[in-house]
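Descriptive structure summary
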Amino acid sequence: MRRAAQVFVLFALCAVSGPAWALGRADVAALNAGHLALRELRVEDAARSSAALLARLPTDPDVLSLAAQVDFHQGRYALAVERLEASLASRAPRTGDEGDPRAWLLELFRSTHDATASFVEARSDDGRYIVRHAPGRDRHLVPYVLRALEGSDAAMQDELGIRLPGPIRVEILPNADELAKVSTLTEEAIATTGTIALCKWDKLMVTSPRALLRGYPWMDTIAHEFVHLALSRASHDHAPVWFQEGMAKFLERRWREPEATEHLHPAALGLLVRAVRERGLLPFDRIHPSIALLPSQEDAALAFAQVSTFVARFHTAYGKAGIQAAIARMAEGEDARVALAGVASVSWEELESRWKRSLQALRGGDAPPLLPRQLRGGASEEQAEAQQVAQAARRNLRLGDLLWARRRYGAAAVEYGRALEAAPGDPRIASRMAAASLEAGRPADAVAALAPIVDRYPDHAPSLAVLARAYRETGDRERAEATARAALRLNPFDPSPHCDLAAVATDDATRALEARQCTALGGSIP
């Protein structure tokens, strides 16, 4: 998820407009150059400007404010707070100012420093990737974060032709409340649209999957934010939000696939097909300034589906070279629509019309409903799941839960099966039925119940975890390995997929890692 970094450019204008204070003409020019570099995410250029100015004018409030912003971009939060406090102490707001932007920035800097002060840090062997997280269970994420970063890094060099200077930083926030504290998102926006990750200030901020009831595609989300970072750097942060989100969604799986291909979640496909049929497509400008500010998770899913299919069709027609050429034109300040139309040698109206006509061929009338992301807190996971299933299925679901608690697994599977008859295709019921079938010694029944479900609900972590075990117990090691890996990309805190991978993985390194994770999370290797 991308939010336009406008606050810094606003501050840059306020910092050097009006009286020149103690700065000479050359220093004002250098200060403006530093702020422009930050606005265009040329952080290294901004750092050089800041260092040169600090050497000459170490107490000037405008120089200190620029230095504080550079520090913040480079992860030195304590120093950023210290320098911005000194800047504010050196000069009060000028008469007639509509507030002082430094006060808001200082609040953000302090909040970020306080939220991350206790974080521990892990680095890749070469130091290129830095992962910061709260002490405790999130340490289990580190090897997978590094894998997603390494794959995304290579993929973006191939797709966008850019190698980020590094180090590349990821901060894993333990919950959505902490994400709100270190970003411009509100808790309401996070809950409304399910936005739980950001790329801003030259870093990736990602909510831990343990903050959600069923996890979420957290590894692909890291890759999604990596695309934002690479595209922001490549375009000098001139790419509009709709193009940013389209590129990030289109390329978010590229880190684990050999080629970029169009992909839509089945529920999102259904929303897009309906919008085309009912002429309810969202204007691209509606996405500004952020998908996180749309009114619902359905609107967010539709927006992603629209912009990602536009980018996918453009990529198919004009290739990586066409994408890179358009980004280069954006970096020079050309409007994105003009840049894309220029590469295509047609008008923007024609380019947009081609995309809309191509959507007529989509088929998704039997698409499943969107399962909303649920943050932990309040009702138990079982209660929250039960409240979402169809009313007709709830009685049998409760009976199945009671029988499961008494370890009468065969009888529980029967009740879950009846609930599934009342609510066909519901992944929450199907996963429980399959789990009960496994405990009753009937893994083939578990496979039969879940194999069609995961195609329609590829982000339902419990279904994937149970299906991985079912495949293993039926002897299908290849499918067990692939399904367990998919489950870990959603919820790495469930020990079951780790344990299954430790048993069926084809390489020694994976078996060793997953055996450690299995036992550390309280599981046992079958």
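Residues numbered from 1 in each chain as written. Predicted model: local features only at pLDDT ≥ 70, side-chain atom pairs only at ≥ 80, totals over all residues. Heavy atoms only, no water.

1. Describing the overall build of the chain
Rule in force here: Helix and strand assignments follow DSSP, with helices taken as H or I runs no shorter than four residues and strands as E runs no shorter than two, numbered in order from the N terminus. Our radius of gyration looks at C-alpha atoms and nothing else; its globule reference is 2.2 Å times the residue count to the power 0.38. Relative accessibility under 20% of the residue-type maximum defines a buried residue, over 50% an exposed one, and the middle range a partly exposed one, all with a 1.4 Å probe and only protein chains included. The Shrake-Rupley method, run with a 1.4 Å probe, gives the accessible areas here. Residue values count only the displayed protein chains as cover. In summary, the charge assignment counts Lys and Arg as positive and Asp and Glu as negative, without counting His or the chain termini. A charge is said to be at NZ when it belongs to Lys, at CZ for Arg, at CG for Asp and at CD for Glu.
Looking only at helices and strands, the chain has 24 helices and five strands in total. Its C-alpha atoms give the chain a radius of gyration of 25 Å, within 12% of the compact-globule value 24 Å for 526 residues. Seen through its principal axes, the chain has C-alpha atoms that stretch 85 × 55 × 45 Å. Among the 526 residues that make up the chain, the fraction classed as buried is 55%. If you sum the accessible surface of the chain, you get close to 21700 Å²; carbon and sulfur atoms cover 51% of it. Across the chain, 64 positive and 67 negative side-chain charges occur, with their mean positions spaced 3 Å apart.

2. Focus on the packing of aromatic side chains
Stated formally: Note on aromatic pairs: the rings of Phe, Tyr and Trp (six-membered ring only in Trp) are paired at centre separations within 6.5 Å, and the planes decide the class, stacked below 30 degrees, edge-to-face beyond 60, tilted for the rest. By definition, being over a ring means that NZ of Lys or CZ of Arg is both within 6 Å of the ring centre and within 35 degrees of the ring normal.
Under the definition given, this model contains 13 aromatic pairs. Measuring from ring centre to ring centre gives 5.9 Å for Trp242 and Phe243, while their planes differ by 80°; the resulting arrangement is edge-to-face. We note that Trp242, like Phe243, is buried. With centroids separated by 6.0 Å and ring planes inclined at 75°, the aromatic side chains of Phe310 and Trp355 adopt a geometry described as edge-to-face. Within this pair, whereas Phe310 is found in helix 13 (residues 297-331), its partner Trp355 is found in helix 15 (residues 348-359), the two being separated by 45 residues in sequence. Site record: aromatic cluster; members linked through ring pairs are Trp242, Phe243, Phe284, Phe310, Trp348 and Trp355. The positively charged end of Lys200 is found above the aromatic ring belonging to Trp201, 5.1 Å away from the centroid.

3. So, the pattern of salt bridges
The condition that has to hold: Any carboxyl oxygen of Asp or Glu that lies within 4 Å of a side-chain nitrogen of Lys or Arg is treated as forming a salt bridge with it.
Summed over the entire model, instances satisfying the criterion amount to 42 salt bridges. Salt-bridge contacts for Arg337 lead to Asp285; the nearest nitrogen and oxygen are separated by 3.2 Å. In this pair, Arg337 is assigned in helix 14 (residues 336-344) and Asp285 in the loop between helix 12 (266-277) and helix 13, connecting sequence segments 52 residues apart. Under the relative-accessibility criterion, Arg337 is labelled partly exposed at 22%.

4. Some remarks on unusual backbone geometry
Each neighbour pair has its own omega, and for Gly166 with Pro167 the value is 0°, a cis peptide bond. Considering the arrangement of structural elements, one finds Pro167 in the loop between helix 7 (142-159) and strand 3 (168-173). Note that the residue after His288, namely Pro289, is joined by a cis bond; omega there is 0°. Structurally, Pro289 is set in the loop between helix 12 and helix 13. Even without being glycine, Asp237 reaches a positive phi, approximately 60°. Along the chain, the position of Asp237 falls in the loop between helix 10 (218-234) and helix 11 (241-251).

5. Quick look at the environment of Cys518
The criterion, for reference: Any two residues whose heavy atoms approach within 4.5 Å at even a single point are treated as in contact.
With respect to the helices and strands, the residue Cys518 is situated in helix 24 (residues 508-520). Separated by 348 residues in sequence, Cys518 and Val170 have C-alpha atoms that sit 24 Å apart. Beyond its immediate sequence surroundings of up to four residues, Cys518 is in contact with Pro495, His498, Cys499, Gly523, Ser524 and Ile525.

6. Quick notes on the confidence of the model for the chain
What counts here: Per residue, pLDDT measures the predictor's confidence, with a range of 0 to 100.
For the chain, the mean per-residue pLDDT works out to 92, and 92% of the residues sit at or above 70. The model gives residues 3-20 a pLDDT under 50, and that stretch makes 40 contacts with residues more than four places away or in other chains.

7. Some thoughts on helix 22 (residues 477-488)
In an α-helix, one turn spans 3.6 residues; hence positions three or four apart end up facing the same way. What counts is decided by this rule: Under the convention used throughout, the expected extent of a helix is 1.5 Å for every residue step, that is, one less than its residue count.
The first and last C-alpha atoms of helix 22 sit 16 Å apart over 12 residues, in line with the 16 Å expected at 1.5 Å per residue. The set of residues buried in helix 22 consists of Ala480, Glu481, Thr483, Ala484, Ala486, Ala487 and Leu488.

8. Quick word on the nonpolar core
Selection criterion: What makes a nonpolar core is a set of buried Ala, Val, Leu, Ile, Met, Phe, Trp, Tyr and Cys residues whose side-chain atoms join them at distances within 4.5 Å.
The biggest cluster of nonpolar side chains holds 113 residues, and the ones touching the most others in it are Leu149, Leu160, Trp242, Phe243, Met247 and Leu340. For this core, the leading source of residues is helix 13, giving 14 residues. Excluding its chain neighbours within four sequence positions, the residues that come into contact with Leu149 are Tyr129, Val131, Ile168, Val170, Leu204, Ile222 and Phe226. Tyr416, Tyr471, Ala480 and Val504 belong to the second largest nonpolar core, which has 37 residues in total.

9. Section: the side chain of Glu415
Quick note on the threshold: The definition of a polar contact used here is a pair of N or O atoms within 3.5 Å, where within protein one atom must be able to donate a hydrogen and the other to accept one, and adjacent residues in sequence count solely through side-chain atom pairs.
Structurally, Glu415 can be placed in helix 18 (residues 409-422). Judged by its relative accessible area of 11%, Glu415 falls in the buried class. There is a polar contact of 2.8 Å between the side chain of Glu415 and the side chain of Asn396.

10. Regarding the sheet that holds strand 1 (residues 120-123)
Backbone-to-backbone hydrogen bonds join strands into a sheet, with any given pair of strands oriented parallel or antiparallel. Threshold: For two strands to pair, DSSP has to find at least two bridges joining them. Only C-alpha atoms enter the line fits that serve as axes; for helices the fit covers just the stretch in contact. Angles between N-to-C directions range over 0 to 180 degrees.
Taken together, five strands build an open sheet; the order of strands is 1-2-3-5-4 and the sheet is mixed. Strand pairing shows two members of the sheet lacking a second neighbour, strand 1 and strand 4 (197-200), which therefore form its edges. Each strand axis lies, on average, 20° off the axis of its neighbour in the sheet, ignoring direction. Pairing of strand 3 with strand 5 (residues 203-207), which is carried by four bridges, proceeds in the parallel orientation. By the bridge assignment for strand 5, Glu171 is matched with Met205. Contacting strand 3, strand 4 and strand 5, helix 10 runs over the sheet at an angle of about 20° to strand 4.

11. Points about the state of the cysteines
Note the cut-off: Cysteine sulfur atoms that come within 2.5 Å of each other are treated as a disulfide pair.
By the definition in use, this model includes one disulfide. Each sulfur in the disulfide pair Cys499 and Cys518 lies 2.0 Å from the other. An S-S torsion of about 90° defines the bridge between Cys499 and Cys518 as right-handed. Here Cys499, found in helix 23 (residues 495-504), pairs with Cys518, found in helix 24; they are 19 residues apart in sequence, far enough to count as distant.

12. Some points on the side chain of Asp100
Mapping Asp100 onto the fold places it in the loop between helix 5 (77-90) and helix 6 (101-116). Looking at Asp100, its side chain comes within polar contact range of the side chain of Arg102, at 2.6 Å.

13. So, the environment of Gly522
Mapped onto the secondary structure, Gly522 falls in the segment after helix 24. Put simply, Gly522 and Phe493 are 29 residues apart on the chain and 9.9 Å apart in space, counted from C-alpha to C-alpha.

14. Focus on helix 21 (residues 461-473)
Helix length check: helix 21, at 13 residues, gives a terminal C-alpha distance of 19 Å against a target of 18 Å (1.5 Å per residue), a fit within 8%. Regarding helix 21, the residues found buried are Ala461, Ser463, Leu464, Ala465, Val466, Leu467, Ala468, Ala470 and Tyr471. Among the structural elements, helix 19 (427-439), helix 20 (443-456), helix 22 and helix 23 are those in contact with the buried residues of helix 21. At the exit of helix 21 stands Gly475, carrying a positive phi of roughly 90°.

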